[in-house]
Amino acid sequence: MSETTAIVGVGNIGSAVARHLVAGGESVVLAAKDEAGPEALAQELGPLAHAASVEDAVTGADVVVFAVWLDTIKELIAKDALLLEDKVVIDPSNPLGFDESGNMIRTLPEGQSAGSVVAALLPPSAHYVKAFGTLAAEGLANSANREPQRAVLFYATDDDAAATTIVRLIRAAGFEPLKAGGVAESGRIEMPGGDLHQFGLNGALLDLDEARAAISAKGAPA
Ligand SMILES: NC(=O)c1ccc[n+]([C@@H]2O[C@H](COP(=O)([O-])OP(=O)(O)OC[C@H]3O[C@@H](n4cnc5c(N)ncnc54)[C@H](OP(=O)(O)O)[C@@H]3O)[C@@H](O)[C@H]2O)c1
């Protein structure tokens, strides 16, 4: 019997992750600010998917994917930190937000990763992993179960339990998992600036051999 994964946010990334996980036989509980989006997606995905409030989704799940913008992740952790104790927390965020004119801007100083910020906000018993944000949303949505070689999704973590879970979920989603390094390396799989993010790879999706070569091209993982 598989664990349940809560997906908080069902926009570009959250809906693609939900679709792929359900296609791979994983059960998901979907939540967002408004429950209409999660309810519609759960209905479309069938019996392995359910909709709930954010609090109920997180409480009832073993694994939580925060498929929301970085500032929202910070708010949600501040509000629900206790609910995240002992959970695996998957973070696809980039250090991006919008200015008053609606232009996308970097929200953290150069050199500081969203992964390092989110990991530091979690309760010590949470199991943090940066993943599911290493491709642009379109690449993630359209590249599951690629043939003849599956496309790699990189992840970054310092935590063995989180690594075991994300390897299972990336495989279930139809991709090949590969560790880029520890949390200190998570900037390598974020954008802007990450050399292992799809944008840092000029849009390429890598197979396992190509991805291993790309990791070592700029230094070995921690
Ligand atoms: N888009 C990409 O190509 C891409 C690629 C890699 C990584 N990422 C990262 O993935 C994350 C999600 O990006 P996205 O493009 O999927 O965003 P998005 O399409 O704008 O979706 C955001 C989701 O967050 C939900 N949300 C907003 N405020 C919330 C709250 N307070 N509580 C619960 N849910 C809330 C929204 O729900 P409502 O609709 O109900 O407001 C919506 O479902 C971001 O951190 C982004 O940096 C994005």
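Values in this document were obtained by computation on a predicted structure and should not be read as measured data.

**Q** How would you sum up the site of the ligand? Please name residues and give values.
**A** Taken together, 23 residues sit near the ligand, with Val10, Ile13, Asp34, Val68 and Ala137 positioned nearest. Backbone polar atom of Asp34 to an oxygen atom of the ligand: 2.9 Å apart, as the coordinates give it. Here an oxygen atom of the ligand sits 3.2 Å away from a polar atom, N or O, in the main chain of Asn94. When the free accessible area of the ligand is taken as 910 Å², the share hidden by the protein chains comes to 77%. Elements that contribute at least two residues to the shell around the ligand include exactly α1 (12-23) and α4 (70-80).

**Q** Talk me through the packing of α1 against helix α2 (residues 36-45); I want residue IDs and the actual numbers.
**A** For any two helices packed against each other, one specifies the crossing angle of their axes together with the interaxial distance. Running from N to C, α1 and α2 point in directions that differ by 25°, and their axes come no closer than 11 Å. Looking at the two axes, α1 sits roughly parallel to α2. Viewed along their axes, α1 and α2 form a crossing whose handedness is right-handed. Side by side, α1 and α2 meet where Ser15, Ala18, Arg19 and Val22 of the first sit next to Leu41, Glu44 and Leu45 of the second. Tallied by class, the residues present in the contact of α1 with α2 amount to four nonpolar, one polar and two charged.

**Q** A description of the pairing of strand β5 (residues 88-91) should follow, citing residues and the corresponding values.
**A** Both faces of β5 are covered, namely the face carrying Val88 and Ile90 and the face carrying Val89 and Asp91. Pairing analysis gives three bridges linking strand β4 (residues 63-66) to β5, with the strands arranged parallel. Following the sheet pairing, Val64 is matched in β5 by Val89. Handedness of the β4-α4-β5 crossover: right-handed.

**Q** Pulling in residues and values, what's your account of α2?
**A** Within the sequence span of α2, burial applies to Pro38, Leu41, Ala42 and Leu45. The buried residues of α2 occupy an angular sector of 100° when projected down its axis, which confines them to one face. Turned more than 90 degrees from where α2 packs its buried face, Gln43 and Glu44 sit exposed. Along its buried surface, α2 packs onto α1, β2 (27-31) and β3 (49-51). Following α2 by one or two positions, Gly46 has its phi on the positive side, about 90°.

**Q** Describe the nonpolar core, naming the residues involved and giving the relevant values.
**A** By size, the foremost hydrophobic cluster in this structure holds 37 residues, and its most contacted members are Ile7, Ile90 and Phe132. Secondary structure elements with two or more residues in this core: α1, β2, α2, β4, β5, β9 (152-156) and α7 (160-172). In terms of residue count, the dominant contributor to this core is α7 (seven residues). In this structure Ile7 touches Gly14, Val17, Ala18, Leu21, Val28, Val29, Leu30, Ala31, Val65 and Ala67, once residues within four positions along its chain are discounted.

**Q** Outline the environment of Glu138, listing residues and values.
**A** In this fold, Glu138 is placed in helix α6 (residues 137-142). In sequence terms Glu138 and Lys33 are 105 residues apart; their C-alpha atoms lie 23 Å from each other.

**Q** Can you explain the side chain of Ser186? Please cite residues and give values.
**A** Mapped onto the elements, Ser186 comes out in the loop between β10 (176-181) and α8 (208-217). Residue classification places Ser186 among the buried residues on the basis of a relative accessible area of 0%. Among the polar contacts made by the side chain of Ser186, one reaches the main-chain carbonyl oxygen of Val183 at a distance of 2.7 Å. The residues contacting Ser186, other than those within four sequence positions of it, are Ser113, Gly115, Ser116, Lys130 and Ala156.

**Q** Give me the lowdown on the packing of α4 against helix α5 (residues 114-121), citing residues and values where you can.
**A** Following both chains from N to C, one finds α4 and α5 inclined at 10°, their axes separated by 10 Å at the closest point. The angle between the axes of α4 and α5 places the two elements in the roughly parallel class. Only Ala114, Val117, Val118 and Leu121 of α5 make contact with α4, whose side of the interface consists of Leu70, Ile73, Lys74 and Ile77. Classifying every residue of the contact of α4 with α5 by side-chain character gives seven nonpolar, no polar and one charged.

About the thresholds
- In every chain, residue numbers begin from 1 and rise along the written sequence.
- With pLDDT at 70 or above as the cut-off, local features in this predicted model cover only qualifying residues; side-chain atom pairs require 80 or more to be listed or tallied, and sums for whole chains, interfaces and linings still use all residues.
- Only heavy atoms go into the side-chain values, all of them from the structure, while hydrogens and water stay out.
- Near residues are defined by distance, with any heavy atom within 4 Å of the molecule or strand qualifying the residue.
- In protein, a polar contact requires one atom able to donate a hydrogen and another able to accept it; more generally it is a pair of N or O atoms within 3.5 Å, and residues adjacent in sequence count only if both atoms are side-chain atoms.
- For every accessible area listed, the method is Shrake-Rupley and the probe measures 1.4 Å; residues are considered covered only by the protein chains on display.
- Numbering goes from the N terminus for both helices and strands, where a helix is a DSSP run of H or I of at least four residues and a strand is a run of E of at least two.
- Interaxial angle, 0 to 180 degrees, is taken between N-to-C directions of lines fitted to C-alpha atoms, where a helix line uses only the stretch in contact.
- Angles below 35 degrees are treated as roughly parallel, those above 145 as roughly antiparallel, those between 65 and 115 as roughly perpendicular, and all remaining angles as oblique.
- In this scheme, a crossing is called left-handed if the near helix is turned counterclockwise away from the far one by less than a right angle; it is called right-handed if the turn is clockwise.
- Any two residues having at least one pair of non-hydrogen atoms within 4.5 Å are treated as being in contact.
- By the convention adopted, Pro, Cys, Tyr, Trp, Phe, Met, Ile, Leu, Val and Ala count as nonpolar, Lys, Arg, Asp and Glu as charged, and the other residues, Gly among them, as polar.
- Residue burial is assigned from relative accessible area. The probe radius is 1.4 Å, only protein chains are included, and a residue is buried under 20% of its type maximum, exposed over 50%, and partly exposed in between.
- The criterion for strand pairing is that DSSP finds at least two bridges linking the strands in question.
- Orienting the strands away from the viewer, one traces the path from the first strand over the helix to the second; a clockwise path indicates a right-handed crossover.
- Arc definition: directions from the helix axis to the C-beta atoms.
- Only buried residues count toward a nonpolar core. Its members are Ala, Val, Leu, Ile, Met, Phe, Trp, Tyr and Cys residues joined through side-chain atoms within 4.5 Å.

All we've got here are geometric facts, nothing functional implied.
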